[in-house]
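Here's the letter readout for the chains.
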Amino acid sequence: MVDGRPFHPASFAFRSSFVSLIRRHRTEIALAVTALSFSFAAAPAFAGIEEAVKAMQAKDMATAEKELQLLVKERDPRAQFLLGFYVYGNPESKLFDLAKAAPLLLDAAERGYTPAIIPLAGAYAEGKGVPKSMFDAYKWIVIAELWNVPNAGQLLEQIAGDLKPDEIEKAKAEAAKFTFKTK
């Protein structure tokens, strides 16, 4: 047992590989997200995201949260991802709260912001902030693979062991019919 929960090798492998990936590439991910944000941002949104990224780099998560909140209220998926993943979803953040992170990642992913999909699938796999569901985790990773999100194929293999063949086919069918929300 780990933390009062039974040990499950597949979720451990997913969690440990995901966490180590994030830890190894934290700076590169932040810079890539920043670059993407700059290339698509309008002037007011640009300022809020730029200030939030600077605050996150300085490990000032309270300021990052404040800068992103206005954009999150406007349902900016980039701001939702940054707030959900880096501020609330980062175990090293003083504002770490997966119950706040998961809904932000879900809304960003449902609206087509592909960087939010893999962390959302991880939340479903671990039952953190959303009900635990290997089916939903697998479905989101299939969606990620359909949208060419890096490493999605490797994660599919890890999670597939937790599902029955009919569940895998059902998840693939649901993912194939999935369309991103526009509003």
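Residues numbered from 1 in each chain as written. Predicted model: local features only at pLDDT ≥ 70, side-chain atom pairs only at ≥ 80, totals over all residues. Heavy atoms only, no water.

Undergrad: What's the story with the side chain of Gln80 in this structure? I'm lost.
TA: When you line up the elements, Gln80 lands in helix 5 (residues 77–87). Side-chain polar atoms of Gln80 contact the side chain of Asp107, separated by 2.6 Å. Among residues more than four places away in sequence, those in contact with Gln80 are Val72, Arg75, Leu104, Asp107, Ala108 and Arg111. (Helix = DSSP H or I, 4+ residues; strand = E, 2+ residues; numbered from the N terminus. Polar contact = N/O pair within 3.5 Å; in protein donor to acceptor, adjacent residues only side chain to side chain. Contact = heavy atoms within 4.5 Å.)

Undergrad: Looking at this structure, I do not really get the packing of helix 4 (residues 61–73) against helix 5. What am I missing?
TA: Helices that pack against each other are described as a pair by the angle of their axes relative to one another and the distance between those axes. For the pair helix 4 and helix 5, interaxial distance at closest approach is 8 Å and the crossing angle is 150 degrees. Looking at the two axes, helix 4 sits roughly antiparallel to helix 5. In this structure, helix 4 meets helix 5 at a crossing whose hand is left-handed. Across the interface between the two elements, Met61, Ala64, Glu65, Leu68, Gln69, Leu71 and Val72 from helix 4 touch Ala79, Gln80, Leu82, Leu83, Tyr86 and Val87 from helix 5. The residue inventory of the contact of helix 4 with helix 5, partitioned by class, reads ten nonpolar, two polar and one charged. (Axes fitted to C-alpha atoms, helices over the stretch in contact; angles between N-to-C directions. Parallel < 35°, antiparallel > 145°, perpendicular 65-115°, else oblique. Left-handed = near helix turned anticlockwise from the far one by under 90°. Nonpolar A, V, L, I, M, F, W, Y, C, P; charged D, E, K, R; others polar.)

Undergrad: Can you walk me through unusual backbone geometry in this structure?
TA: Across the chain, the bulk of peptide bonds are trans and the bulk of non-glycine residues have phi less than zero. Here Lys59, not a glycine, exhibits a phi torsion of approximately 65 degrees, which is positive. Examined against the element boundaries, Lys59 turns out to sit in the loop between helix 3 (43–57) and helix 4. Judged by relative accessible area, Lys59 falls into the exposed class, the value being 65%. Of note in the backbone geometry, Arg75 takes a positive phi value of approximately 65 degrees without being a glycine. A residue is classified by how much of its surface remains accessible, and Arg75, at 30% relative accessible area, is partly exposed. (Buried < 20%, exposed > 50% of the residue type's maximum accessible area, 1.4 Å probe, protein only.)

Undergrad: Looking at this structure, I do not really get helix 4. What am I missing?
TA: Each α-helix winds once per 3.6 residues, and so residues spaced three or four apart point in a common direction. With 13 residues, helix 4 extends 18 Å between its outermost C-alpha atoms, agreeing within 8% with the 18 Å of an ideal straight helix rising 1.5 Å per residue. When the local axis directions of helix 4 are compared, the greatest deviation, roughly 30 degrees, occurs at Glu67. The positive-phi residue at the C-terminal boundary of helix 4 is Arg75, with phi of around 65 degrees. (Expected span 1.5 Å × (residues − 1). Bend = angle between axes of the 7 residues up to and from the residue.)

Undergrad: In this structure, what is going on with the pattern of salt bridges? I would like to understand it.
TA: Any two side chains of opposite charge can pair if their charged atoms end up close together. In the structure shown here, the tally under the stated rule is seven salt bridges. A salt bridge links Asp107 to Arg75; the shortest N-O distance between them is 2.6 Å. With Asp107 in helix 6 (residues 98–110) and Arg75 in the loop between helix 4 and helix 5, this residue pair connects regions lying 32 residues apart in the sequence. With its nearest N and O atoms 2.4 Å apart, the salt bridge here joins Arg78 to Asp76. (Salt bridge = Lys/Arg side-chain N within 4 Å of Asp/Glu carboxyl O.)

Undergrad: Before we go on, may I ask you to explain the packing of helix 7 (residues 117–126) against helix 8 (residues 134–146) in this structure?
TA: Orientation of helix 7 relative to helix 8, taken along the N-to-C sense of each, is 165 degrees, at an axis distance of 7 Å. Comparing the axis directions of helix 7 and helix 8 gives the class roughly antiparallel. For the crossing formed where helix 7 meets helix 8, the hand is left-handed. Here helix 7 contributes Ile117, Ile118, Leu120, Ala121, Tyr124 and Ala125 to the contact with helix 8, which in turn contributes Met134, Asp136, Ala137, Trp140, Ile141, Ile143 and Ala144. For the contact of helix 7 with helix 8, the residue count by class is twelve nonpolar, no polar and one charged.

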